[in-house]
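# Chain and residue survey
Each chain is listed here by its residues.
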Amino acid sequence: MSTRKDKFTKKDRYFMTVAINLAKSHIGLTGTNPSVGCVVVKNNNIVSFGVTNINGRPHAEALALSKNKKKIIGSTVYLTLEPCSHYGKTPPCTKTLIKSKVKKVIYSIADYDERSFNKSKKILNFHKIQTLSGLLKNETKKIYKNYNFSKKNNFPYVTGKIAASLDFKIAKGNFQITNEYSKNVSHQLRYKNQGILTSYRTINSDNPRLTCRLNGLERLSPKKLVIDKNLKINLNSNILKNAFKNDTIIFHNSKNFKKINLLKKKKAKLIFFELDKDNYFNLNKLLKKIYEIGIPNVLVECGSNLTKKMISKNLFNEFYLFRSNKNLKFKKKIKILDIRRKLNNTFKYKKLVNTYLDKNSLTHYY
């Protein structure tokens, strides 16, 4: 069924705006599933609503339709995203809508998951549920930017991040360049991604924990993904001390079975990966593998070498450059002015992020 703007009323736009605000409230909290807003309306009154639950389940439709069941019969349902029509870890939401005896469904944009893409209209219409799409689609496209990219390309949405001193240098070793406000923003980036990619060099020199340490969001810490061709990672590193099953994944090309067994005892998961012609991993193929094992959003936190390789391969969808208000005063430091120059040349847009960082600054490239 085709959709024209004149098919939607001011009230339709109002109720979809409510659904959009619900979806926005859980962005980054729903794991590999998209955050969906659902509003159920009858006689121009909201009788129920839902948003995708933390870690992705239950879905917004299931939550909304489980309340006020009698009032829901004959209602109109507003959704930010096309309802799923496939069986996964939960039954399809189209089945839930049919069972709830709703009269009409309006969703904003299609779900680019190939299992559901543009299938719900046919299913719902067959069951005499009027179904329209396209309402406020420009607003919802922004919400599902990452999700749509990964589903269309079968590739993770990749975000880069690096912190530098005032004179654009980074420290060798575990040294906090930026302040606590910048650190908190960095931790926000962590919980919004399901994987955090780094190299063994960064692990061995900085010994980071790579967790989200914002109060209440610790359990949303990303999986640790380590590039370590020859398995040189320090066995006493923080990420191995605190590892649990499948939490830490190491990509390697080593036949050092003694080290492999030691790492497995540390609960690390090891994935053997072929080398490219330049005796290094093909980063495109490696990221595709990361997507295939169920990680659609990846944050890259690493040193200058891997960052440069990623930029040169045009693998970042966006990038955050944190800048301190102070210079580094010790000798072990690396200049990253060339990284800044490459970012300026690679990305079409950049802007200073309007958030409180005291005397630090944050440039967002996209």
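Residue numbers here run from 1 along each chain, matching the order of that chain's written sequence. Side-chain atom pairs in this predicted model are given and counted only at pLDDT of 80 or more, local residue features only at pLDDT of at least 70, and totals for whole chains, interfaces and linings cover all residues. Excluded from the side-chain calculation are hydrogens and water; included are all heavy atoms of the structure.

## What about the overall build of the chain?
Keep this limit in mind: Runs of H or I in DSSP of at least four residues are treated as helices and runs of E of at least two as strands, each being numbered from the N terminus. C-alpha atoms define the radius of gyration, and 2.2 Å times the number of residues to the power 0.38 defines the globule rule. Each residue is placed in one exposure class: buried if its accessible area under a 1.4 Å probe, protein chains only, is under 20% of its type's maximum, exposed if it is over 50%, and partly exposed if it falls in between.
The helix and strand tally for the chain stands at 14 helices and 16 strands. Taken against the 2.2 N^0.38 rule, which gives 21 Å for 366 residues, the C-alpha radius of gyration of the chain at 23 Å falls within 12% of a compact globule. With the C-alpha coordinates of the chain rotated into their principal frame, the extents come out at 70 × 45 × 40 Å. In the chain, buried positions account for 51% of the 366 residues.

## Considering the sheet that holds strand E4 (residues 104-109)
Rules: The pairing criterion for strands is at least two bridges between them, as found by DSSP. The angle between two axes is taken between their N-to-C directions and runs from 0 to 180 degrees, where each axis is a line fitted to C-alpha atoms and a helix contributes only its stretch in contact.
The strand order E2-E1-E3-E4-E5 describes an open sheet built from five strands, whose pairing is mixed. What marks the edges here is a single partner per strand, and that holds for strand E2 (45-51) and strand E5 (130-133). Along the sheet, successive strands turn relative to each other by an average axial angle of 15 degrees, direction set aside. Relative to strand E3 (residues 76-81), strand E1 (residues 37-42) is paired through four bridges, and the arrangement is antiparallel.

## Focus: the packing of helix H13 (residues 304-312) against helix H14 (residues 337-346)
Spelled out, the test is: In this scheme, roughly parallel covers angles under 35 degrees and roughly antiparallel covers those over 145, while 65 to 115 is roughly perpendicular and the rest are oblique. The sense of a crossing depends on the near helix, which, turned anticlockwise from the far helix by less than a right angle, makes the crossing left-handed and, turned clockwise, makes it right-handed. Whether two residues touch is decided by their heavy atoms; if any such pair falls within 4.5 Å, the residues are in contact.
Direction vectors running N to C along H13 and H14 enclose 20 degrees, while the axes themselves pass 11 Å from each other. Between H13 and H14, the crossing angle belongs to the class labelled roughly parallel. Crossing of H13 against H14: the hand is left-handed. For the pair formed by H13 and H14, the contact residues are Ser304, Thr307, Lys308 and Ile311 on the first element and Asp338, Ile339, Lys342, Leu343 and Thr346 on the second.

## Here we look at the pairing of E1
The two faces of the sheet receive side chains in turn, since in a regular strand these alternate between them. Most of E1 sits out of view: five of its six residues are buried. In this sheet, E2 lies alongside E1 in antiparallel orientation, the contact comprising six bridges. If you follow Val39 over to E2, its bridge partner there is Phe49. Turn length for the E1-E2 hairpin, with the two strands adjacent in sequence and antiparallel, is two residues, and the turn residue Asn43 shows positive phi of about 55 degrees.

## Observations concerning the packing of aromatic side chains
To be explicit about the condition: Ring pairs are drawn from Phe, Tyr and Trp, using the six-membered ring of Trp, whenever the two centres fall within 6.5 Å, and their geometry is named by plane angle: stacked under 30 degrees, edge-to-face over 60, tilted for the rest. Two thresholds decide whether a charge sits over a ring: the Lys NZ or Arg CZ must be within 6 Å of the ring centre and within 35 degrees of the ring normal.
By the definition in use, this model includes 12 aromatic pairs. Geometrically, the ring pair formed by Tyr14 and Phe15 is edge-to-face, given 5.3 Å between the ring centres and 65 degrees between the ring planes. Relative accessible area serves as the criterion here: at 51%, Tyr14 is assigned to the exposed category. A residue is classified by how much of its surface remains accessible, and Phe15, at 5% relative accessible area, is buried. Members of the aromatic cluster, connected to one another through ring pairs, are Phe251, Phe273, Tyr280 and Phe281. The positively charged end of Lys67 is found above the aromatic ring belonging to Phe49, 4.8 Å away from the centroid. Its guanidinium or amino end placed over the ring of Tyr112, Lys152 lies 4.5 Å from that ring's centre, counting from NZ or CZ.

## Overview of the confidence of the model for the chain
The line we're drawing: One confidence number per residue, pLDDT, is output by the predictor and ranges from 0 to 100.
Scored by pLDDT, the chain has a mean of 95; 98% of the residues are at 70 or more. Across residues 1-5 the pLDDT falls below 50, and counting only partners more than four positions away or on other chains, this stretch makes 11 contacts in the model.

## Considering a positive patch on the surface
Operational definition: Only residues whose relative accessible area exceeds 30% and that take part in no salt bridge are eligible for patches, with like-charged residues grouped when within 9 Å of each other and nonpolar side chains (Val, Leu, Ile, Met, Phe, Trp, Tyr) grouped when within 5 Å. The Shrake-Rupley method, run with a 1.4 Å probe, gives the accessible areas here. Residue values count only the displayed protein chains as cover. Salt bridge, as applied in this entry: a Lys or Arg side-chain nitrogen positioned within 4 Å of an Asp or Glu carboxyl oxygen. The convention is simple: Lys and Arg are positive, Asp and Glu are negative, and His and the chain ends are not counted. To locate a charge, the coordinates of NZ of Lys, CZ of Arg, CG of Asp or CD of Glu are taken.
On the surface, Arg201, Lys232, Lys309 and Lys313 cluster together into a patch of positive charge. Mapped onto the elements, Lys232 comes out in the loop between strand E9 (223-227) and helix H10 (238-241).

## Some thoughts on the sheet that holds strand E15 (residues 350-352)
The nine strands are arranged E11-E10-E9-E8-E12-E6-E13-E16-E15 in an open sheet whose pairing can be described as mixed. Each end of this open sheet is capped by a strand with a single partner; those strands are strand E11 (269-272) and E15. Taking the axes of each pair of neighbouring strands and ignoring which way they run, one obtains an average angle of 20 degrees across the sheet. Here six bridges tie strand E6 (residues 157-164) to strand E13 (residues 318-323), and the two strands are oriented parallel to one another. Bridging from a neighbouring strand, Ala164 pairs with Arg323 of E13. Against the sheet, helix H7 (residues 145-153) touches E6, strand E12 (297-301) and E13, its axis set at about 125 degrees to E6.

## Focus on the pattern of salt bridges
Taken as a whole, this structure holds eight salt bridges when the rule is applied. The salt bridge partner of Lys169 is Asp167, with a shortest N-O separation of 3.7 Å. Each of Asp113, Arg115 and Lys151 takes part in a single network of salt bridges with overlapping partners.

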